[in-house]
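Take a look at the letters that make up each chain.
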Amino acid sequence: MSKRAKREVREERWRGLAVSEGLVVGRVLRIHAGARQVYRATIDEADIERETRRLRAAVRLARMQLLQVKARAEKELGADHAYIFDAHLLMLEDRKLLDDIESFIRVERANAEWAVKVVADRLLAVYAEIKDDYLRERGSDIEDVTQRLLFALSGGADARARQLKDDAVIVAENLLPSAVAELDFEHARAIATDAGGWTSHTAIIARGLGIPAIVGLRDLHRRARTGDMIVVDANRGEIILHPSQATLEKFQTGTTRRRDTRVASAETARAPLLTQDQIEIFLRANVELPAEFEGIRKFGARGIGLYRSEFLLTQRGTLPSEDEQCEAYKKIAALAGEDGATVRLFDLGGDKIGNSLAGAEHNPALGLRAIRYSLRHPDLLRMQSRAVLRAAAHGHLNIVLPMVADVRDVRCAKEIINEERVKLESEKVKIGAVKIGAMIEVPSAALLSPSIAREVDFFSLGTNDLVQYLLAVDRSNEDVADWFRSLHPSVLQSLRNTLDAAREAGIPAVICGEMAGTPAYAVILIGLGATDFSMTSSSIPRVRRVVAGIDVSEARDIAMQCLECETADDVEELVRSEFSARWPQLFSAETLPSPKEKK
Ligand code: PEP
Ligand code: MG
């Protein structure tokens, strides 16, 4: 390895928002938005020669591609604009750089992709220190060439199948759900991102997988390099990069993985859950990725209350066909068993998966997202409806419509689903009965919940978006995390109205946002009339423990007082004092809302 690539390393610390607890010591795997993911594989001594040949072939391929791109650029843009590719070509011809990569493969017995990534990251670190703006900016050329080389190495094929090294800590600026879903999470140990909030998808997924995660770290992604040692202490919201020997010794003994600490016995987990005054409460699972399937039984979920089907797109990289979708929904139904599963129709667009599908939008959270996207692309909606209806012949499935604003959205979607039902029947295709529900997560839908309730079979209350839209606070922007107040009186009033509307119409209402999985919030929701919850399955045991220890009548008493409060601070203060007075055995200072927590 070259001398210039060596860096002085000192222990550095960051504080962020811990969104999934646990403690991990591992090595950084740095991910760029939209970039190819690279995983480390240890190769045998005997394979070093083959790996080196693979690298050389990839360099040749990348060079050829670049020459073609340059020729096209010259033709279409003129020579003035094509010179940039000369810099890229020179880099691919830089003997020193290629020697460094080859020697990394040999010395570290690493796969070529990993060697390219580590050597390029080190070079980038050198560029990042350069004072001259222009030269520093050339770092982006290195990133481009690296990506091209990685692409060539994969031969254009899908590189995702590569296994993640067991101690990988994912470090990213902002982990989009698509990137999250691409990773092999069986081996990811923790996640640390510069952006994000309590209800961002990074947080939801990390909790789902039971791996520690800290968000809102501001510039960690820029400072960390793939392969660096890192401590993720999500019990205290702290990151330590390049930990000293003393720090390492302190932490290595205490390393925990959340999922290992929360296994209840299967029988206890499956028993009906009753409050102290004998009201039955249902706890179901939210599911995104196959890696979470195992948790559904283990944590005793009563079926799947929310299947975020858009994650199907990310697992394959493209839109799954009707048959492929049908198979996926059959699997979900089989996992859920008698209790059934609710498939949420694709929540695409906006700041979610497939945001590029809707084109560049000025305000994506308010844009062509979820049911709006499906109504604008009815073929997509038709295909998904057919797949669910067919899968329902093999198990209990419901459909829920995401982000409806009023009864018109519901009627339009129902009409299309019904047309497909009729078509399938006339084609003599076997289908099953499917109930149709509405996500209540937009303020207009909460206000108009009585009319929507007359049109659907059930409600799913999406508190993540409801809080975001009611309070006009971007759920994944750490700068406004202090304004994201789940216990805001306006949120509680909207939830109460919606729960009342459901009860009056005689339909069930499932709370499926992140509030459901937070024990103190779940108690308030029970006080507002909720009996049905869906959450990350690893949250079920702790919610279960708390729910089993409370009286609904007491929860109601507190919730009614909360509704009278003027600010979120007042509600939280009330919750803290009432909960610790009534249920000191169930809540500690850390499990109650505090001015610095989850806001
Ligand atoms: C919600 O908005 O609360 C919800 C459950 O859906 P998502 O988090 O996927 O937007
Ligand atoms: Mg939502």
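Whatever comes next refers back to the structure up there.
The present account deals with the structure reproduced in this document. (Residues numbered from 1 in each chain as written. Chains lettered and ligands numbered in written order. Predicted model: local features only at pLDDT ≥ 70, side-chain atom pairs only at ≥ 80, totals over all residues. Heavy atoms only, no water.)

1. Regarding the overall build of the protein chain
Logical step 1: For the protein chain, the helix and strand inventory stands at 25 helices and 16 strands.
Logical step 2: Within the protein chain, residue pairs in contact and separated by at least 24 positions form 70% of the contacts whose partners lie at least 6 positions apart. (Helix = DSSP H or I, 4+ residues; strand = E, 2+ residues; numbered from the N terminus. Contact = heavy atoms within 4.5 Å.)

2. Some words on the coordination of the magnesium ion (ligand 2)
Logical step 1: In the first shell of the magnesium ion (ligand 2), the protein supplies Glu441 (OE) and Asp465 (OD), at 2.0 to 2.1 Å from the metal. Remark: Asp465 occurs in helix α20 (residues 463-471) and Glu441 occurs in the loop between β13 (435-440) and α18 (443-447); sequence separation between them is 24 residues. Like Glu441, the residue Asp465 is buried in the burial classification. (Donors = N, O, S within 2.8 Å, 3.2 Å for Na, K, Ca; no water. Buried < 20%, exposed > 50% of the residue type's maximum accessible area, 1.4 Å probe, protein only.)

3. A closer look at the nonpolar core
Logical step 1: Tyr329, Leu401, Phe459, Phe533 and Phe579 are the most contacted members of the largest nonpolar core, which totals 103 residues.
Logical step 2: Those residues in contact with Phe579 that lie beyond four places of it in its chain are Ala520, Val523, Ile524, Ile558, Pro584, Phe587 and Leu592.
Logical step 3: The next biggest cluster of nonpolar side chains, apart from the first, holds 54 residues, and it includes Ile105, Leu124, Ile142 and Leu153. (Core = buried A, V, L, I, M, F, W, Y, C linked by side-chain atoms within 4.5 Å.)

4. Regarding the sheet that holds strand β12 (residues 397-401)
Logical step 1: In spatial order, the strands read β9-β10-β11-β12-β13-β14-β15-β16; together these 8 strands close into a barrel with parallel pairing. When the angles between neighbouring strand axes are averaged without regard to direction, this sheet yields 30°.
Logical step 2: Bridging between strand β11 (residues 341-344) and β12 involves 4 bridges; their strand directions are parallel. Across the sheet, the residue bridging to Val343 is Ile399, located in β12.
Logical step 3: Along the sheet, helix α23 (residues 540-548) makes contact with β9 (282-287) and β16 (532-536), crossing β9 at roughly 160°. (Pairing = 2+ DSSP bridges. Axes fitted to C-alpha atoms, helices over the stretch in contact; angles between N-to-C directions.)

5. Things to note about the packing of helix α16 (residues 378-391) against helix α17 (residues 407-426)
Logical step 1: Interaxial distance between α16 and α17 falls to 9 Å at its minimum, and their mutual angle equals 55°. It follows that α16 is oblique to α17 by the angle criterion. Here α16 and α17 pass one another in a crossing that is right-handed. Mapping the contact onto sequence places Pro378, Leu381, Arg382, Ser385, Arg386, Leu389 and Arg390 in α16 and Ala413, Ile416, Ile417, Glu419, Glu420, Arg421, Lys423 and Leu424 in α17.
Logical step 2: A per-class count over the contact of α16 with α17 returns 7 nonpolar, 1 polar and 7 charged. (Parallel < 35°, antiparallel > 145°, perpendicular 65-115°, else oblique. Left-handed = near helix turned anticlockwise from the far one by under 90°. Nonpolar A, V, L, I, M, F, W, Y, C, P; charged D, E, K, R; others polar.)

6. Considerations on helix α21 (residues 489-505)
Logical step 1: Taking 1.5 Å of rise per residue, 17 residues should cover 24 Å, and α21 covers 24 Å from first to last C-alpha, within 8% of that figure.
Logical step 2: A positive backbone phi angle near 75° is found at Gly506, which sits one or two residues after α21. (Expected span 1.5 Å × (residues − 1).)

7. Description of the packing of aromatic side chains
Here a ring pair, both rings aromatic, is described through the centre-centre distance and the interplanar angle of the planes.
Logical step 1: Per the stated rule, a full pass over the model turns up 4 aromatic pairs.
Logical step 2: On the basis of an interplanar angle of 80° and a centroid distance of 5.2 Å, the ring pair of Phe579 and Trp583 is categorised as edge-to-face.
Logical step 3: Seen in terms of ring centroids, Trp583 and Phe587 are 6.4 Å apart; in terms of plane orientation they differ by 50°. Their pairing is tilted. There is no split in this pair, since Trp583 and Phe587 are both buried.
Logical step 4: Joined through ring pairs, the aromatic side chains of Phe579, Trp583 and Phe587 make up one cluster. (Phe/Tyr/Trp six-rings, centres within 6.5 Å; stacked < 30°, edge-to-face > 60°.)

8. Considering the pairing of β16
Logical step 1: Of all 5 residues making up β16, 5 are buried, and the element is well covered by its neighbours.
Logical step 2: Looking at chain direction, β9 and β16 are connected through 5 bridges and run parallel. The partner of Asn286 across the bridge, within β16, is Thr536.
Logical step 3: Note: strand β15 (residues 509-511) against β16, 2 bridges, orientation parallel. Bridge pairing in β16 places Ile511 opposite Phe533.
Logical step 4: On the question of chirality, the crossover connecting β15 to the parallel β16 by way of helix α22 (residues 519-527) is right-handed. (Right-handed = clockwise from strand over helix to strand, strands pointing away.)

9. Some points on the packing of helix α24 (residues 552-563) against helix α25 (residues 568-582)
Logical step 1: Axis separation between α24 and α25 bottoms out at 10 Å; the angle between their running directions is 160°. One way to sum up the angle between α24 and α25 is to call them roughly antiparallel. Of the two elements, α24 crosses α25, and the hand of that crossing is right-handed. Counted together, Glu554, Asp557, Ile558, Gln561 and Cys562 of α24 and Val571, Leu574, Val575, Glu578, Phe579 and Arg582 of α25 form the full contact between these two elements.
Logical step 2: The residue makeup of the contact of α24 with α25, split by class, is 6 nonpolar, 1 polar and 4 charged.

10. A look at the pattern of salt bridges
Logical step 1: Taken as a whole, this structure holds 49 salt bridges when the rule is applied.
Logical step 2: Put simply, Glu12 and Arg223 hold a salt bridge, and the shortest N to O gap is 2.9 Å. Taken as a pair, Glu12 in strand β1 (residues 12-15) and Arg223 in helix α9 (residues 220-223) lie far apart in primary sequence, 211 residues in all.
Logical step 3: On the basis of relative accessibility, which here comes to 33%, the residue Arg223 falls in the partly exposed class.
Logical step 4: Between Arg503 and Asp500 there is a salt bridge; the shortest N-O distance is 3.2 Å. Of the two residues, Arg503 and Asp500 both sit in helix α21, 3 residues apart, roughly one turn of that helix.
Logical step 5: Exposure remark for Arg503: the relative accessible area of 55% places this residue in the exposed category.
Logical step 6: Overlapping salt bridges, with partners in common, bring together Glu322, Asp323, Arg382, Arg386, Arg390, Glu419, Glu420, Lys423 and Glu427 in one network. (Salt bridge = Lys/Arg side-chain N within 4 Å of Asp/Glu carboxyl O.)

11. As for the sheet that holds strand β4 (residues 168-172)
Logical step 1: On the basis of which strands lie adjacent, the open sheet formed by 8 strands has the order β1-β8-β7-β3-β4-β5-β6-β2 and mixed pairing. Because the sheet does not close on itself, it has two edges, and the strands there are β1 and β2 (17-20). Going from strand to strand, the sheet's axes swing by 30° on average, the running direction of each strand aside.
Logical step 2: Both strand β7 (residues 229-233) and strand β8 (residues 238-241) contribute to a ladder of 4 bridges, which runs antiparallel. Within β8, the residue paired with Val231 across the bridge is Ile240.
Logical step 3: Running at roughly 45° to β2, helix α8 (residues 201-209) makes contact with β2, β5 (188-193) and β6 (213-215) of the sheet.

12. What to know about α17
Logical step 1: Taking 1.5 Å per residue, 20 residues should reach 28 Å; α17 reaches 28 Å between its end C-alpha atoms and fits that length.
Logical step 2: Within α17, the full set of buried residues consists of Val407, Asp409, Val410, Ala413, Ile416, Ile417, Glu420, Arg421 and Leu424.
Logical step 3: Against the buried residues of α17 lie α15 (371-376), α16, β12, β13 and α19 (449-453).
Logical step 4: Trailing α17 by a residue or two, Lys428 shows a phi angle of about 60°, which is positive.

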